[in-house]
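# Residue-level structure breakdown
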Amino acid sequence: MLLKKLPLLAALFAATAAFSSSSQASERTRDQINDGWKFALGHATDKQKDFGHGLGYFSYLAKTGFGDGAASPSFDDRAWREISIPHDWAVEAEFSPDASYSHGFKAIGPGFPESSVGWYRRELDISEDDLGKRIRIEFDGIYRDAAVFVNGFFVGQEPSGFVSQSYDITEYLNYGGKNVVAVRADAYMEEGWYYEGAGIYRHAYLLKTAPVHVARYGTYVTTEVEKNKAAVSVETKVANDSDSAATVSVFQSILDNKGKEVAKAESLSIEVGAGKSGVVSQDLMLKKPKLWDLDSPNLYTMLTQVKDSEGELIDEYRTSFGVRTIRFDPNEGFFLNGRSVKLKGSNNHQDHAGVGAAMSDAMQDFRIKALKDMGSNAYRVSHHHASPALLESCDRLGMLVIDETRLMGINEYHFDQLEHLILRDRNHPSVIVWSVGNEEWGIEGNIFGARIAKRMQDFVHRLDPTRVVTAAVSGGWGGISSTIEAFGVNYIKHGDVDQQHEDYPDQIIIGTEETTTQQTRGIYFEDAALAHQHPKENGSSGGNAELGWKFYDERDYTAGVFFWTGFDYRGEPTPYEWPAVLSQFGILDNCGFPKDGYYYLKSWWSDEPVLHIFPHWNWPGKEGETIEVRAHSNYEEVELFVNGESQGRKEMPHNGHLAWDVEYAPGELLAKGYTDGKVVAEKRVRTTGESAAFALEPDRSEIKANGQDISVITLSVLDERGDVVPTADDLAFFTIEGPGEIIGVGNGNPSSLEPDQYNESVEKIKVGEWVGPKASITDQPVVFETTFDSPELEKGQSARMLLNPVGKDLKLTLNGKLLDNALFDEAVPVESLDLKASGNVLKMEAMPFDEWGAREDVQTLSPLAFAITTPAEQYKRKAFNGLAQIIVQSTGEAGEIVLKAEGEGLEAVSLIISAH
Ligand code: GAL
């Protein structure tokens, strides 16, 4: 039911209760459940090794609540690793030449069934007071094909690794008792052709609401700016999950970024039938709105309150939104807030050095800031649904986004995902374009593509008429390109863009992909065996950053360009094979260290002065040879000096670069930047000495003590004068003290097979197995007795004893001594037990469980096992061309984190990060 706010209806239905801004507490809570998970690898093809899951006579698909093996709430996960999410087990895996090229040779996926399934288990906190609420478990994204179980109930499965999930679990819960969620993620099959990670790599939440509540993604806020005010409309979908009809009033108010109410709407009442939902539309007027813009990404919150017929607050829902106008013109390009803005964009996948796909919110910010620092204003999420955290970061920091669905098609599989994407993301001011597909080679150039794109586009417009729709096309022009509203050009080499504009004058044109100047950071001569690539004049998809930018900048009718890619990513190491594990399309490497092409784009994209010269000046053996020195700069003129001698002063061409052929002699390159004929900037590059010391520099030296915030730290190798040695590959060892932990390391070297992470591991050793009595026998005592040796431990290892009861009324003895039955609930550190090196005797005497017949899972069990924990190895990483990256995360407590880097023959260094 859509109830438009007409005066008559408003009078009829307006609630009498006075508007109160949230003096009562709403029943809605949405708590992040990122901590407290247990994790272990299962198996993609062997059910025994997959913790016996799916082996029951009746499977979980046969009888509800029959989730077995690790999906069962009684499963013993005491020997699983404790982790928090976001978590990506692919990044933990070793590299293997037999693994997937497109996924960066990490040993998971096809051919690696033993490392392709990950299990996660966690208890949920559900009190007796929660009875009567609706309770859902929500995941922002799990890679992939995640089956979710709560207390053994199968609650759903999502094939895509990029779609957010939400499951109603209200009826399956033990209120005031123990509740267990289990997730089986299966990354055996790949979805994309690039590294995608594995596991619960985005946030998870426990959502509790009243039975009548704002529906999932239940608000849609749109704005229209008129001079000094903005008309804000909000549609709210109210879901009634109770068993009787409900009349509720919906209140709206707008809060500014300090939480102050700046506008409110008259309340509207709505009657929603049991099991039904209804929609109310309300309008608000915002005076002197602060617009959302690239440099001032101002956000508002729509506070939606739902009150019952007694005037009691039952739900409070917050929608972050921005007031801004966007317009695409087929002849003049893109306009933001009425101002022409060329899209200076990059495509990006979702992985970073060290952490893979498991990116914390702070890491999202780090990456978006790095792109913004270059002068970039746009980001294409290739090729899947954005992570909510990424969009929040783009909203917060001011970055325009193309948000994309994974697969083209017109069936439920495709439309459900597309609908989901739009309903979830349409309130984000950063999102300006929906992309319905990328390089669909089977259809892009033919009639199928023309039809499918049109159908998807119409579908999108019904859900969100405020944004345009694109699809990115490579070689196949003539299909999708004939029906799509905003034609996405993947690489100008594939067709005649001007001709397309002439043939389709009403079509918007966006450069959805274009070649960067491909390069390995800091490399100037190719070494194919190491996958080291010098800056390419003609990259694998044709051209380079300069050609691409000039093309789009010269054509006002185009909205702009998105380079492939902003950051290097794992997989697709074109044009190399193993041991190349990273792509090198990035303007920045996979740590975010800029390559030379970064300075080209920064020169012409940002307003900041840039003066960058390259290559470095360490070329022993090349004395007397000619080396080309280039300058990326936006100064009017640049003059180059080699060892004090001028090589000429040259005028910088608009959107261009400068180059000098000079004779190499060790010493110093000096560039001078001129404005109005005067020297206003200088940049020196010196031949360095040997590696002498390490330096550490954080992106932020103060972080929040919240267990999630990070500091991204650069390790540099310096010579005695303090210059970064541009060829240094020294190995650094890291130690950390205080409330911080290292969660990953990287260096941007595309052929480095060093681990990204060092994690502790836990192994379970069973001491014999035991088969219980037949289901029919319940009145005869059972006895289990075993003789065992103390586990042999290697240095640093620790052991815990795991006991499983073989029946009820149990008497437990160890070496003749009676033990407390509470030990069954724990993983008991062996040092707390008085164990002998060998010949220990453990005995359990019990009566069979009553429910024995129904408990197939305990008919064969290990009454005694050990969990052996091997601690993580010390973190270490080689520098690559002088640099490496260390990512340090808060453990949750406040205090000083001290990170130390040391290595052979180099001066060690310490850094303090304060967490508060
Ligand atoms: C494009 C494709 C990207 C990536 C790139 C590598 O054709 O859309 O996903 O594969 O090529 O060059």
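Residues numbered from 1 in each chain as written. Predicted model: local features only at pLDDT ≥ 70, side-chain atom pairs only at ≥ 80, totals over all residues. Heavy atoms only, no water.

The name an unreviewed UniProt entry assigns to the protein chain is Glycoside hydrolase family 2 protein, from the organism Pelagicoccus albus. UniProt's Sequence similarities (unreviewed entry) comment on the protein chain is quoted here verbatim: "Belongs to the glycosyl hydrolase 2 family." (UniProt positions renumbered as here; feature names shortened; annotations may be inferred.)

Let us look at the overall build of the protein chain. The number of helices and strands found in the protein chain is nine helices and 55 strands. For 916 residues, the compact-globule formula gives about 29 Å, and the C-alpha radius of gyration of the protein chain, at 30 Å, lands near that figure. Taking the principal axes of its C-alpha atoms as reference, the protein chain extends roughly 100 × 80 × 55 Å. Expressed as a percentage of its 916 residues, the buried residues of the protein chain come to 60%. Put simply, 72% of the contacts in the protein chain that link residues at least 6 apart link residues at least 24 apart. Split by element, the accessible area of the protein chain, about 36,600 Å² in all, is 48% carbon and sulfur. The protein chain carries 87 positive and 139 negative side-chain charges, and their two centres are separated by 4 Å. (Helix = DSSP H or I, 4+ residues; strand = E, 2+ residues; numbered from the N terminus. Rg over C-alpha atoms; globule rule 2.2 N^0.38 Å. Buried < 20%, exposed > 50% of the residue type's maximum accessible area, 1.4 Å probe, protein only. Contact = heavy atoms within 4.5 Å. Areas by Shrake-Rupley, 256 points an atom, 1.4 Å probe, with all protein chains shown as cover. Lys, Arg positive; Asp, Glu negative; His and termini not counted. Charge placed at Lys NZ, Arg CZ, Asp CG, Glu CD.)

Moving on, we get to the sheet that holds strand β19 (residues 326-329). With respect to topology, three strands assemble into an open sheet ordered β19-β20-β21, the strand pairing being antiparallel. The open sheet is flanked by β19 and β21 (339-340), the only strands paired with a single partner. Two strands pair when backbone bridges link them, and β19 and strand β20 (residues 333-336) are joined in this way by four bridges, in the antiparallel orientation. Residue Ile326 lies in a different strand from β20, and its bridge partner there is Leu336. (Pairing = 2+ DSSP bridges.)

Attention now goes to the confidence of the model for the protein chain. Overall, the predicted model of the protein chain reaches an average pLDDT of 94, with 96% of residues at or above 70. A low-confidence stretch, residues 1-23 stays under pLDDT 50, and its non-local contacts, those more than four residues away or across chains, total 44 contacts. (pLDDT = per-residue confidence, 0-100.)

Residue Pro579 is reached from Trp578 by a cis peptide bond, and omega for that bond is 5°. For Pro579, the location among the structural elements is in the loop between β29 (558-564) and α9 (596-605). With an omega of 10°, the peptide bond between Phe614 and Pro615 qualifies as cis. In this fold, Pro615 is placed in the loop between β30 (611-614) and β31 (626-633). Positive phi is not limited to glycine here, since Asp809 has a value of about 50°. Residue class for Asp809 comes out exposed when judged on its relative accessible area of 63%.

Now for the site of the ligand. Taken together, the neighbourhood of the ligand is formed by Trp193, His383, Asn438, Glu439, Asn490, Tyr491, Glu513, Ser541, Trp564, Glu572 and Phe585. One nitrogen or oxygen atom from the side chain of Asn438 is found 3.0 Å from an oxygen atom belonging to the ligand. One of the side-chain nitrogen or oxygen atoms of Glu439 is found 2.4 Å away from an oxygen atom of the ligand. Compared with its free state, where it exposes 310 Å², the ligand has 88% of that area covered by protein. (Near = heavy atom within 4 Å. Polar contact = N/O pair within 3.5 Å; in protein donor to acceptor, adjacent residues only side chain to side chain.)

If you look at soluble globular proteins, the nonpolar side chains tend to sit buried side by side. Leu418, Val436, Leu601 and Trp617 are the most contacted members of the largest nonpolar core, which has 76 residues in total. Counting residues per element, this core draws most heavily on helix α6 (residues 447-463), which supplies six residues. Among all residues touching Val436, those that are not within four sequence positions of it are Thr405, Met408, Leu418, Met456, Val460, Val469, Thr470, Ala471 and Ile484. Formed by 43 residues, the second largest nonpolar core is a distinct cluster that contains Ile126, Phe162, Val181 and Ala357. (Core = buried A, V, L, I, M, F, W, Y, C linked by side-chain atoms within 4.5 Å.)

What follows concerns the environment of Ser633. Structurally, the position occupied by Ser633 is in strand β31. The class for Ser633 is buried, based on a relative accessible area of 0%. A C-alpha to C-alpha distance of 8.0 Å links Ser633 and Gly673, two positions 40 residues apart in sequence. Excluding anything up to four places from it in sequence, Ser633 contacts Ser603, Trp604, Val610, Leu611, Val638 and Met652. A polar side-chain atom of Ser633 sits 2.7 Å from the main-chain carbonyl oxygen of Val610. Polar contacts involving the side chain of Ser633 include one to the main-chain amide nitrogen of Tyr635, which spans 3.0 Å.

The tally for this structure, following the rule as stated, stands at 34 aromatic pairs. The ring of Phe551 has Arg555 sitting right over it, with the charged end atom 3.7 Å from the ring centre. The ring of Tyr195 has Arg570 sitting right over it, with the charged end atom 5.4 Å from the ring centre. (Phe/Tyr/Trp six-rings, centres within 6.5 Å; stacked < 30°, edge-to-face > 60°. Lys NZ or Arg CZ within 6 Å of the ring centre and 35° of its normal.)

In this section: the pattern of salt bridges. A full pass over the atoms with the stated rule returns 47 salt bridges. One salt bridge in this structure joins Arg684 and Glu668, with 3.0 Å as the shortest N-O distance. You can see Arg684 sitting in strand β36 (residues 678-686) and its partner Glu668 sitting in strand β35 (residues 668-675), a full 16 residues away along the chain. Taking the relative accessible area as the measure of exposure, Arg684 reaches 43% and is therefore partly exposed. One salt-bridge network, held together by shared partners, links Lys106, Asp351, Arg570 and Asp756. (Salt bridge = Lys/Arg side-chain N within 4 Å of Asp/Glu carboxyl O.)

Taking the UniProt record as the reference, the feature "domain: Glycoside hydrolase family 2 catalytic" (unreviewed entry) is found at residues 332-411 and 412-488. Helix makes up 29% of residues 332-411 and strand 26%. Its end C-alpha atoms lie 35 Å apart. What you have in residues 412-488 is 40% helix and 22% strand, and the ends, taken at the C-alpha atoms, are 25 Å apart.

Tracing the sequence through the fold places Arg144 in the loop between β6 (134-139) and β7 (146-150). Given the relative accessible area of 9%, Arg144 is considered buried. Within the local environment of Arg144, its side chain forms a polar contact with the side chain of Glu191, the two groups lying 2.7 Å apart. Beyond its immediate chain neighbours, meaning those up to four positions away, Arg144 contacts Glu158, Pro159, Gly161, Ala185, Asp186, Ala187, Met189 and Glu191.

Together, Tyr57, Phe58 and Phe66 line one region of the surface with nonpolar side chains, adding up to about 360 Å² of accessible area. Tracing the chain through its elements places Phe58 in the loop between β3 (37-41) and β4 (81-83). Of the residues examined, Phe58 reaches a relative accessible area of 36% and is grouped as partly exposed. (Patch = residues over 30% accessible without salt bridge, like charges linked within 9 Å, V, L, I, M, F, W, Y side chains within 5 Å.)

A few words on the sheet that holds strand β44 (residues 782-788). Taken together, four strands build an open sheet; the order of strands is β44-β49-β46-β47 and the sheet is antiparallel. Single-partner strands in this sheet number two, and they are β44 and β47 (817-819). Each strand of the sheet is rotated relative to its neighbour by a mean of 25°, with strand direction disregarded. Across five bridges, strand β46 (residues 808-814) lies against strand β49 (residues 840-847) in antiparallel orientation. Along β49, the bridge assignment pairs Lys808 with Met847. (Axes fitted to C-alpha atoms, helices over the stretch in contact; angles between N-to-C directions.)

By the criterion of burial, α9 is predominantly enclosed, with nine of the ten residues buried. Of the residues making up α9, those classed as buried are Asp596, Gly597, Tyr598, Tyr600, Leu601, Lys602, Ser603, Trp604 and Trp605. On its buried face, α9 is in contact with β22 (343-348), α3 (361-373), α8 (545-554), β29, β30 and β31.

Turning next to the side chain of Asn298. With respect to the helices and strands, Asn298 occurs in the loop between β16 (277-287) and β17 (300-307). A distance of 2.9 Å separates a polar atom in the side chain of Asn298 from a polar atom in the side chain of Asn257. If we skip the residues at most four places from it in the chain, Asn298 touches Asn257, Lys290, Leu291, Trp292, Asp293, Phe321 and Gly322.

By the bridge criterion, six bridges tie strand β45 (residues 798-803) to strand β51 (residues 864-870) in an arrangement that is antiparallel. Each residue of the ladder has a partner; that of Ala799, found in β51, is Ile868. Where β45 meets strand β48 (residues 827-829), three bridges bridge the pair, whose relative direction is antiparallel. Bridging across to β48, Met801 finds its partner in Val828.

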